[in-house]
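# An overview of the molecular structure
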Amino acid sequence: MNVGYLCTYTPKELIDAAGFTPIRIFAGDAQISLATAHIQSYACSQARGSFERALRGELDVQAVVFTRCCDTLMRLADIWERNTEMKVYNLEFPTRVEEKSKEFYFNELKDFVKVLEEWGGEVTLESLKESFSLYYELEEKLKKLFSIKPDYDTAKKVQEMNVRDAIKLVDERLREAEGEDKKPRVLITGSVCPFVEVYKLFEDAGFALKDDICTGTRFFTFNTPPRDIGSVDEGLRFLVEKYFDKAPCPTKHFPKDDRFNYVLELAKDCDGVVFLLLKFCEPHFYDYPQLKERLEEMGKKVLLLELEFPIASYEQLRTRIEAFYEVIA
Amino acid sequence: MTLKKLRASDKMKQIMAGYYMMGNQAEVNGWVTSGAPVELLYAMDIYPVYPENHGALIGAAKQGPYFSDFAEKRGFSRDLCSYARCDIGCVYAGTSPIGGLPKPTFLFACNNICNTVVKWYQVLSRIFKVPLFVLDTPFVRKELKESYVKYVHDQLYEFVDFLEKVTGRELSDSKLRETILNSIKGVNAYSEVLRMARHKPSPLTCFDAFINMAPIVCLRGTEYPIQFYAEMKEELEERVRKGEGAVDNEEIRLLWDNIPVWYRLKWFAEFFAERNACLVADTYTNAWTGFVSMDKSDIFWSMAETYTFIYLNIGLEHMAEAINRLIDFYDVDGVVIHSNRSCKPYSFGQYELQKMINAPSVVIEADMVDSRAFSEAQVETRLEAFLEMLR
């Protein structure tokens, strides 16, 4: 069984360990039409576009796991359940990411294991160990690949396949990967962008890339190497650590403003920063003005590109990216 | 067309003027979200400031676009919640229709109404450089799990520590119980006012409820709402005795869903009154009637339960159930659904709810504060057709 998910705070390892394949759901190329009868146009096009694909029968997934990351995803779970044949489960990842929320998330993971078992899966100590080590391998290899040269095509593909195949794909790409000569480097920060053509526009304009995108680097930026575990519960405790310490997302609350600090740190060795934001994405748009101000104080040039899926005009984007390149180079 | 005015509305203005004056004199204040457990603040003599109520006030004063512009110029997108945009705009403008809100000592955001407030308050905490406490209430899509209540319960204790540290004061258990008792009494008095709409014809409209809801939101836990709503109820009973409806020749009874369109309250009230239709109740004000039960000896546990299982923090099945209870209780003929660009948790799912509730409904597109998102002709056509169908 394939289990779909939309948010990087979904513990893929558990789904894999249960014997299912976690598949990330992205918006598609087709115009959004069926979904408009179920959700308003001021929902972001990632939510509408993903749901559109479900309604069109394009998704080979039999269940979907939601997290309450934003108000849109929170409501989408019910809408999805009522209009598809898929099983729907809502895993509550806390909004407050700090020490005191860990026990709560641990309980949520325990409940999730039960749900996976109701779905016919089985999580054992052995399967958990295997999934942990596979995902760690995938994440480290993706980090390596991106350190040579970011590869968004691969990043997208691995999110839509079994982790074992994903590792093979990244291995192949690693064999071919070549570094680049020195170019002006831009940090692309934002929510999801599964349309790899967009990154190509930046490369075409002459930029070297670095990103803080939910479907890019944030997918594999974890900082907790696997450790020996003696029980499933210990494994769940490990997952709590791993996901609490992942690349921070603006949908969360970190007491020490981890999110801002993370982006500012990433921007240090870049010449410019591009906010690649999805229209109606509240968490990112609330951060934008103050984050931009901080970046400009660091002397970075900043550009805001607002997207809607499917992307209507690449040419318009190209013009703006080329103009930004002129400013920096 | 002149609308019937309640004497209570004048009294309410006095009370709220007093509330705002208190704010300017308060030594310690916290900016809080509308669904936050304010009882803890009043029990410690901390003045609660309500940016959302302030946003509604800006909307009613038809100043939404004006103050939003101050935030938009700073880079805040026009697609963000208009309460947030206007309030942030007022901070940058240094004023508002009431001269601006007092500077916060601390910020308190509870995400039981939306996750938007978490982001909004993060912005405020960077502007004012004051501590922010986020009370994280898990979303209850299906069942209210004990682990959810436990999580919120523990945070409430943590919040008390936070308050004691920020203010240097100590929370007294007896003062808290007294405040909660006041809160329950106030909520009951308010519920009784709303329930008066059960009479036919109804002595009040949801517009009366909207206009007079500020005390239950802002002063919950004090004596004011208890007395105010008792008086308001007497006035409504007087109307009932005389057989006087809020709307002449009440023919159609309706339920309103979502936050009001603040800058068009009068327009909507007249529109329906002219057509002998009465919006007798709404899901918004009724969201404040479920507050605080004390059926457990552990008041922190019951607070955690109450504040987690709140109308906007529950799944669609629960919401439909609540709406159907209102449809039944108030015996309404139809539901007017406001699809509110500013409020995603309230608005997404409305198309599904239409299929889940036991009355015909119509959806109108608008925004609670930003009048630029309102098309009079479109709304009028929709509502006309709906009323025609109900007749």
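Residues numbered from 1 in each chain as written. Chains lettered and ligands numbered in written order. Predicted model: local features only at pLDDT ≥ 70, side-chain atom pairs only at ≥ 80, totals over all residues. Heavy atoms only, no water.

### Quick word on the interface of chain A and chain B
The extent of an interface is frequently quoted as the accessible surface area lost upon association of the parts. Across the contact, 50 residues belong to chain A and 55 residues belong to chain B. Of the roughly 4,600 Å² buried at the junction of chain A and chain B (both faces included), carbon and sulfur atoms supply 50%. On the chain A side of the contact with chain B, Tyr 42, Arg 75 and Tyr 286 of chain A bury the most area, a combined 19% of that side's loss. One salt bridge connects Asp 79 of chain B with Lys 279 of chain A, and the closest N-O pair in it is separated by 2.8 Å. Elements supplying a minimum of two residues to the side of chain A that touches chain B: helix H3 (71-83), strand E4 (87-91), helix H4 (102-118) and helix H12 (282-297) of chain A. Partitioning the side of chain A that touches chain B into residue classes produces 20 nonpolar, twelve polar and 18 charged. (Contact = heavy atoms within 4.5 Å. Buried area = accessible area lost by both parts, 1.4 Å probe. Salt bridge = Lys/Arg side-chain N within 4 Å of Asp/Glu carboxyl O. Helix = DSSP H or I, 4+ residues; strand = E, 2+ residues; numbered from the N terminus. Nonpolar A, V, L, I, M, F, W, Y, C, P; charged D, E, K, R; others polar.)

### Observations regarding the domain arrangement of chain B
Residues and elements named next belong to chain B. According to the domain assignment, chain B consists of domain 1 (23-171) and domain 2 (203-212 + 244-390). Between domain 1 and domain 2, the C-alpha centre-to-centre distance is 24 Å. For the pair domain 1 and domain 2, the summed buried surface comes to about 3,100 Å²; carbon and sulfur atoms form 62% of the total. One can count four salt bridges joining domain 1 with domain 2. The residue Glu 317 makes a salt bridge to Lys 142 at a minimum N-O spacing of 3.2 Å. Between the two partners, domain 1 and domain 2, sit 15 residue pairs in polar contact (both at pLDDT 80 or more). Going through the elements one at a time, helix H2 (39-42), helix H3 (51-60), helix H4 (64-73), helix H5 (82-93) and helix H7 (146-167) are the ones with two or more residues in the side of domain 1 that touches domain 2. When residues of the side of domain 1 that touches domain 2 are assigned to their parent elements, the largest contribution, eight residues, is made by H7. For the side of domain 1 that touches domain 2, a count of residues per class yields 23 nonpolar, eleven polar and ten charged. (Domains from an automatic or database assignment. Polar contact = N/O pair within 3.5 Å; in protein donor to acceptor, adjacent residues only side chain to side chain.)

### What to know about the sheet that holds strand E3 (residues 63-67) of chain A
All names here are of chain A. Spatially, the four strands line up as an open sheet ordered E2-E1-E3-E4, and their pairing is parallel. The open sheet has two edge strands, strand E2 (21-24) and E4, and neither has a second partner. Averaged over neighbouring strand pairs, the angle between their axes works out to 30 degrees when direction is ignored. Where E3 meets E4, five bridges bridge the pair, whose relative direction is parallel. (Pairing = 2+ DSSP bridges. Axes fitted to C-alpha atoms, helices over the stretch in contact; angles between N-to-C directions.)

### Concerning empty space enclosed by the protein
Enumeration according to the criterion identifies five cavities of 30 Å³ or more in this entry. In this structure, the largest cavity spans a volume of roughly 420 Å³. Along its surface, the largest cavity is lined by 30 residues, and Cys 70, Leu 73, Thr 251, Cys 281 and Pro 283 of chain A are the ones closest to its centre. Looking at the lining of the largest cavity, the elements that each hand over two or more residues are helix H2 (45-55), H3 and H12 of chain A together with helix H6 (116-128) of chain B. Its residues assigned to classes, the lining of the largest cavity comprises 16 nonpolar, eight polar and six charged. Quantified by volume, the second largest cavity comes out at close to 300 Å³. As for the second largest cavity, its lining consists of 26 residues, and the residues nearest its centre are Glu 52, Ile 113, Ile 259, Leu 312 and Cys 343 of chain B. For the lining of the second largest cavity, the secondary structure elements donating two or more residues are H6 and helix H16 (344-347) of chain B. (1 Å grid on protein atoms, 1.4 Å probe; cavity = no way out; pocket = protein on both sides within 12 Å on 5 of 7 lines; lining within 4 Å. Points joined across faces, edges and corners; volume = space filled by probe spheres on them.)

### Structural notes on the pairing of E2 of chain A
All names here are of chain A. Neither face of E2 is left uncovered, since the one carrying Thr 21 and Ile 23 and the one carrying Pro 22 and Arg 24 both have all their residues buried. Judged from the four bridges that link them, strand E1 (residues 2-5) and E2 form a sheet pairing that is parallel. Note on E2: the bridge partner recorded for Tyr 5 is Arg 24. (Buried < 20%, exposed > 50% of the residue type's maximum accessible area, 1.4 Å probe, protein only.)

### Some words on the sheet that holds strand E8 (residues 361-366) of chain B
Residue and element names in this part refer to chain B. Reading across from one edge, E6-E5-E7-E8 is the order of the four strands in this open sheet, with parallel pairing throughout. The open sheet is flanked by strand E6 (277-282) and E8, the only strands paired with a single partner. On average, each strand axis in the sheet is inclined to that of its neighbour by 30 degrees, with strand direction left out of account. Each of strand E5 (252-257), E6 and strand E7 (334-340) is contacted by helix H15 (residues 316-330), which is oriented at about 155 degrees to E5, the strand it contacts most. Running over the sheet, helix H18 (residues 376-390) touches E5, E6, E7 and E8 and is turned about 170 degrees from E8.

### With respect to the nonpolar core
In terms of nonpolar packing, the biggest core is built from 279 residues, with Trp 80 of chain A together with Trp 262, Phe 268 and Phe 272 of chain B touching the most fellow members. With nine residues, H7 of chain B is the largest single contributor of residues to this core. Residue-level mapping places this core at the junction of two domains, with at least three residues from each of domain 1 (23-171) and domain 2 (203-212 + 244-390) of chain B. Excluding its chain neighbours within four sequence positions, the residues that come into contact with Phe 268 of chain B are Phe 207, Trp 256, Val 261, Ile 364, Phe 374, Val 379 and Leu 383 of chain B. (Core = buried A, V, L, I, M, F, W, Y, C linked by side-chain atoms within 4.5 Å.)

### Points about the layout of surface pockets
All names here are of chain B. In this structure, the largest pocket spans a volume of roughly 1,100 Å³. What lines the largest pocket is a set of 45 residues, and nearest its centre among them are Met 12, Phe 207, Phe 210, Ile 211 and Leu 265. Looking at the lining of the largest pocket, the elements that each hand over two or more residues are helix H1 (8-25), H3, helix H9 (206-211), helix H10 (214-218), helix H12 (265-274) and E6. Counting residues per element, the lining of the largest pocket draws most heavily on H1, which supplies six residues. In terms of residue class, the lining of the largest pocket is built from 30 nonpolar, five polar and ten charged.

### Overview of the environment of Glu 282 of chain A
Secondary-structure assignment places Glu 282 of chain A in helix H12. Of the residues examined, Glu 282 of chain A reaches a relative accessible area of 6% and is grouped as buried. When residues no more than four places from it in sequence are discounted, the contact partners of Glu 282 of chain A are Asp 71 of chain A together with Asp 79, Leu 80, Cys 81, Thr 116 and Lys 344 of chain B. Within the structure, the side chain of Glu 282 of chain A is placed 3.4 Å from the backbone nitrogen of Cys 81 of chain B, a separation counted as a polar contact.

### Points about the pattern of salt bridges
For side chains bearing opposite charge, pairing can occur when the charged atoms are close. Applying the stated criterion to the full structure yields 71 salt bridges over all chains. Its salt-bridge partner being Glu 108 of chain A, residue Lys 145 of chain B comes within 2.9 Å of it at the nearest N-O pair. Placement of Lys 145 of chain B in the loop between strand E4 (132-135) and H7 and of Glu 108 of chain A in helix H4 is noted, with the two residues assigned to different chains. Note on accessibility: Lys 145 of chain B and Glu 108 of chain A belong to one class, buried. Linking Arg 341 of chain B and Asp 79 of chain B is a salt bridge whose minimum nitrogen-to-oxygen distance equals 3.3 Å. Placement of Arg 341 of chain B in the loop between E7 and H16 and of Asp 79 of chain B in the loop between H4 and H5 is noted, with a sequence separation of 262 residues between them. Because the salt bridges share partners, they merge into one network encompassing Asp 78 and Glu 81 of chain A together with Arg 141, Lys 142 and Glu 317 of chain B.

### A word on the packing of aromatic side chains
Scanning the entire structure with this criterion turns up 50 aromatic pairs over all chains. Taken together, a centroid distance of 5.1 Å and an interplanar angle of 80 degrees make the contact between Phe 207 of chain A and Tyr 325 of chain A edge-to-face. With Phe 207 of chain A in the loop between helix H8 (197-205) and strand E6 (208-213) and Tyr 325 of chain A in helix H13 (residues 314-328), this pair connects stretches of sequence that are 118 residues apart. The rings of Trp 256, Tyr 263, Trp 267, Phe 268, Phe 271, Phe 272 and Phe 374 of chain B are connected pair by pair, giving a single aromatic cluster. When the ring centre of Tyr 9 of chain A is taken as reference, the NZ or CZ atom of Lys 246 of chain A above it lies at 4.3 Å. (Phe/Tyr/Trp six-rings, centres within 6.5 Å; stacked < 30°, edge-to-face > 60°. Lys NZ or Arg CZ within 6 Å of the ring centre and 35° of its normal.)

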